Amino acid sequence: MKKILLATTVLALSAGYASAEIALSGSARMGVISFDNDMYFSSRVRIQFDATGTTDGGLSFGASMRADQNGGNADSNGNGVPGDNNGDSTVFISGSFGKLTMGDVAGGASDNLVGQISGVGFTGLGDWNEIGFLGGSATAARYDYTTGNLSVSLGIGQPTVDDDVAPDPESQSAQSIAVKYATDQYNVALGYSKNEDASQIDLKAGATFGAITGTARIAMPDDGVAPDEDMEWGVSLDYAVNPALKITAFYTDHTNSDTVATGLGASYDLGGGASVVGGVVNVDDGVDATEDLRFDAGVTMSF
Amino acid sequence: MKKILLATTVLALSAGYASAEIALSGSARMGVISFDNDMYFSSRVRIQFDATGTTDGGLSFGASMRADQNGGNADSNGNGVPGDNNGDSTVFISGSFGKLTMGDVAGGASDNLVGQISGVGFTGLGDWNEIGFLGGSATAARYDYTTGNLSVSLGIGQPTVDDDVAPDPESQSAQSIAVKYATDQYNVALGYSKNEDASQIDLKAGATFGAITGTARIAMPDDGVAPDEDMEWGVSLDYAVNPALKITAFYTDHTNSDTVATGLGASYDLGGGASVVGGVVNVDDGVDATEDLRFDAGVTMSF
Amino acid sequence: MKKILLATTVLALSAGYASAEIALSGSARMGVISFDNDMYFSSRVRIQFDATGTTDGGLSFGASMRADQNGGNADSNGNGVPGDNNGDSTVFISGSFGKLTMGDVAGGASDNLVGQISGVGFTGLGDWNEIGFLGGSATAARYDYTTGNLSVSLGIGQPTVDDDVAPDPESQSAQSIAVKYATDQYNVALGYSKNEDASQIDLKAGATFGAITGTARIAMPDDGVAPDEDMEWGVSLDYAVNPALKITAFYTDHTNSDTVATGLGASYDLGGGASVVGGVVNVDDGVDATEDLRFDAGVTMSF
């Protein structure tokens, strides 16, 4: 197979658009997973497009999508009504005023600034280290502003077309606000999200002591219906044994589903974008003890 | 995220294929739409591939598809019978004889040379400025030839596999012919399309007077069944206030669906490929007056 | 449309990742097919991504997918259980130990080393020159090793999630082994595949005498149920009339479906990646003689 690469000289000649470009990047992974007492092969490839440009007035703008994000082409369900098929694609414009992003940012401000604790395994092993944020899948908007160590984020969602049968679609629009303060040694972030009667407070704090980074996350969900929802929480530890080897452990208590997950994993950097990654996760839902342990081992690649 | 860009040096080394390349381009948009008394966020990303080459004998050839046009990979419904899943992908070969294009060109000659009047809004607001052409969605072929100010286009479609149950599938093949004469100051195009018993005559004329460009389009459809189909028509005006700002207005009478649309919009070029674009469209179907007005405002980007 | 090409200079500056890159290539075709006494237009576009890198220790790694292979992003059906939606994407790591590939390699070792005899037509005309291999569509793994003229390949599949209801999912995992010996003048390959009770022996041999290359393939399938499965076989001849023109003929006997296919075709290299290709194939299933002849003619392009 011939591999015909792109010509850069053409870029140099088209001076009028010298500020606009599309960058290609990618990631891949391959390995084995054990799950439900079965062993599987697992592989995945992702190709990412990042397009960027600058206006004459100095504003930056751009857009991102993946080769598999077809929804990036379909922002509406006919007649201009936006739906939830924007895949993971995003569009942004930024300047001294901050950055405004639209697209698949429905997790909003909390998702952006609070984030998750560390996970393990080359596949994530079900991402049981994560605790969900309040949000939707429809096209949404987020505003981010950073000054010094402080970052602020505001998110606002919108009704999907499917929800349009409700008496007041607008009331289904999720809103969120989050702030984060980060130095080299520690960071703390607080977020608040609201979606109709439901709301959620998210808190995460992390600190680095030499080779060890500890992170703790708390989520206080309130679906506006159940009277007794509890706090969900998790902690993770990352230990950089040496510049190449990192060991990670986590514990999460998904209180409201009576599920506790523990994970242990390691990652070894092979250089050039490749790492050997493996992990073990135990998911204990208090019901079926025999199907809870899963582990994987494989290679991750970034291009 | 690392952004690994493509190496051009490899192209220079592979002299045998120096004439072949794949160019990446893209477009994106973000903003707000008001529709049915609801306000929505809307965003979209598109990435386009344009592959081109030259034969030893000097013929040009190439192909285009978008990252979301998966159908470009599937031209047939099993066993070689071509279907309608070619997305918007096209393949062409051109030389002094003209240009032959296959793929998603089912709108044919009229779509290519007659085209539409100007629309408004960063999303098109339902594209009510457009009047449809006769054609299909299956893979089709189009031949284009231009000499001086005169362009000629011939299109021929084909039955889809779904239509194959009809007694004579070939009779469902759309055909079209169109001519266009264009100078810097004015242009006029005439097209005729036929698909079984249905036919349509399309006419468009445009003229530029200084900063103002006026365009008028007429479509005379005949579905071969209804006895009293009427002419559908539309006019648009583009006014270039200055090199960056353009104002557009249109009026279309979709006679056969008793719908009249009027639109007003503006576009401001920010440079570098970005523009601020907004518009208002009123769609009056003579039935429900309360849901007719829609407007949008946003940023369009090209990369 | 602006075509903004990628900047290579950025690659030179990011020395840390100088070994990682993503190459774009593509193919397209357009032409006419006659099938079931109907004539059709046919076109197709494919864009391919090949990402590669090198670890500090000198291992090569990489991944491939096409723009239409969305499944490359979805290796699992929830919770980490791998499914069959990896499209044609593959991920590999290689070194002096050989090459390990995961992803859409479910045809396994025989598919890789034995392969098919030559076919005709710019579309393949239904690929009647091919005889199927034993395998699945789920993510699988393949190991390849080559030393001098000798190549060895080992393949192992896995149960799909849909098959998980069976008592012992692992027993549905296909396995295969193949060896190939190839010189400039001749090559011979032997493969054995097993999938539960079914098995298949595949053999192919080819030899080149000046401008003529002859290839023969034999498949001995055994589905473990039918008592009297027969050998299926095919032969092809390629004749290089001159450096640009190649003529190909094939004959295949799909014994177990009582179908015999014969094909004749030609390919003329236009240079620059384009060829004119056409072929005729007769498929005789012993039932309906009137629908058996098909032919095509078109242009193939590689970028």
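Residues numbered from 1 in each chain as written. Chains lettered and ligands numbered in written order. Predicted model: local features only at pLDDT ≥ 70, side-chain atom pairs only at ≥ 80, totals over all residues. Heavy atoms only, no water.

Caption draft 1: Spotlight on the confidence of the model for chain A. Residue and element names in this part refer to chain A. Mean pLDDT over chain A: 83, with 81% of residues reaching 70 or higher. A low-confidence stretch, residues 1–18 (pLDDT under 50), is modelled with 50 contacts involving residues beyond four sequence positions or located in other chains. A low-confidence stretch, residues 160–171 (pLDDT under 50), is modelled with 18 contacts involving residues beyond four sequence positions or located in other chains. Under the prediction, the complex receives an ipTM of 0.85, its pTM being 0.88. (pLDDT = per-residue confidence, 0-100. Contact = heavy atoms within 4.5 Å.)

Caption draft 2: How the structure looks around the pairing of strand β13 (residues 245–254) of chain A. Residues and elements named next belong to chain A. Taken together, the eight bridges between strand β12 (residues 232–240) and β13 define a ladder with antiparallel strand orientation. Along β13, the bridge assignment pairs W233 with D253. Hairpin connection from β12 to β13: four residues lie between these consecutive antiparallel strands. Bridge count for β13 against strand β14 (residues 259–271) is ten bridges, and the pairing is antiparallel. Counted as the bridge partner of A249 is L264 from β14. Where β13 hands over to β14, the hairpin turn is made up of four residues, of which D258 adopts a positive phi near 55 degrees. (Pairing = 2+ DSSP bridges. Helix = DSSP H or I, 4+ residues; strand = E, 2+ residues; numbered from the N terminus.)

Caption draft 3: Focus on the pairing of strand β2 (residues 38–54) of chain B. Residue and element names in this part refer to chain B. Most of β2 sits out of view: 13 of its 17 residues are buried. Pairing geometry for strand β1 (residues 21–35) and β2, over 15 bridges, is antiparallel. Within β2, the position partnered with E21 by the bridge is T52. Where β1 folds back onto β2 in an antiparallel hairpin, the turn is made up of two residues, including D36, whose phi is positive at roughly 55 degrees. With seven bridges joining them, β2 and strand β3 (residues 60–66) adopt antiparallel strand pairing. Within β3, the residue paired with D50 across the bridge is S64. Turn length for the β2-β3 hairpin, with the two strands adjacent in sequence and antiparallel, is five residues, and the turn residue G58 shows positive phi of about 95 degrees. (Buried < 20%, exposed > 50% of the residue type's maximum accessible area, 1.4 Å probe, protein only.)

Caption draft 4: Just the pattern of salt bridges, in detail. What the rule picks out here adds up to six salt bridges over all chains. Its salt-bridge partner being R217 of chain A, residue D202 of chain A comes within 2.6 Å of it at the nearest N-O pair. In this pair, D202 of chain A sits in strand β10 (residues 198–209) while R217 of chain A sits in strand β11 (residues 212–222), placing the two residues 15 residues apart along the sequence. Of the charged contacts in the structure, one is a salt bridge between R142 of chain B and D144 of chain B, with a shortest N-O distance of 3.0 Å. Looking at D144 of chain B, the relative accessible area reads 13%, which means it is buried. (Salt bridge = Lys/Arg side-chain N within 4 Å of Asp/Glu carboxyl O.)

Caption draft 5: Main features of the packing of aromatic side chains. All told, the structure shown has twelve aromatic pairs over all chains when counted by the stated rule. Arranged with centres 5.8 Å apart and planes meeting at 35 degrees, the rings of F61 of chain A and F303 of chain B form a pair that is tilted. Taken together, the positions of F61 of chain A in strand β3 (residues 60–66) and F303 of chain B in the segment after β16 (293–302) put the pair across two chains. Taking relative accessible area as the criterion, F61 of chain A reaches 0% and is therefore assigned buried. Given the relative accessible area of 2%, F303 of chain B is considered buried. Geometrically, the ring pair formed by Y181 of chain B and Y186 of chain B is tilted, given 6.4 Å between the ring centres and 35 degrees between the ring planes. For Y181 of chain B, a relative accessible area of 34% gives the class partly exposed. (Phe/Tyr/Trp six-rings, centres within 6.5 Å; stacked < 30°, edge-to-face > 60°.)

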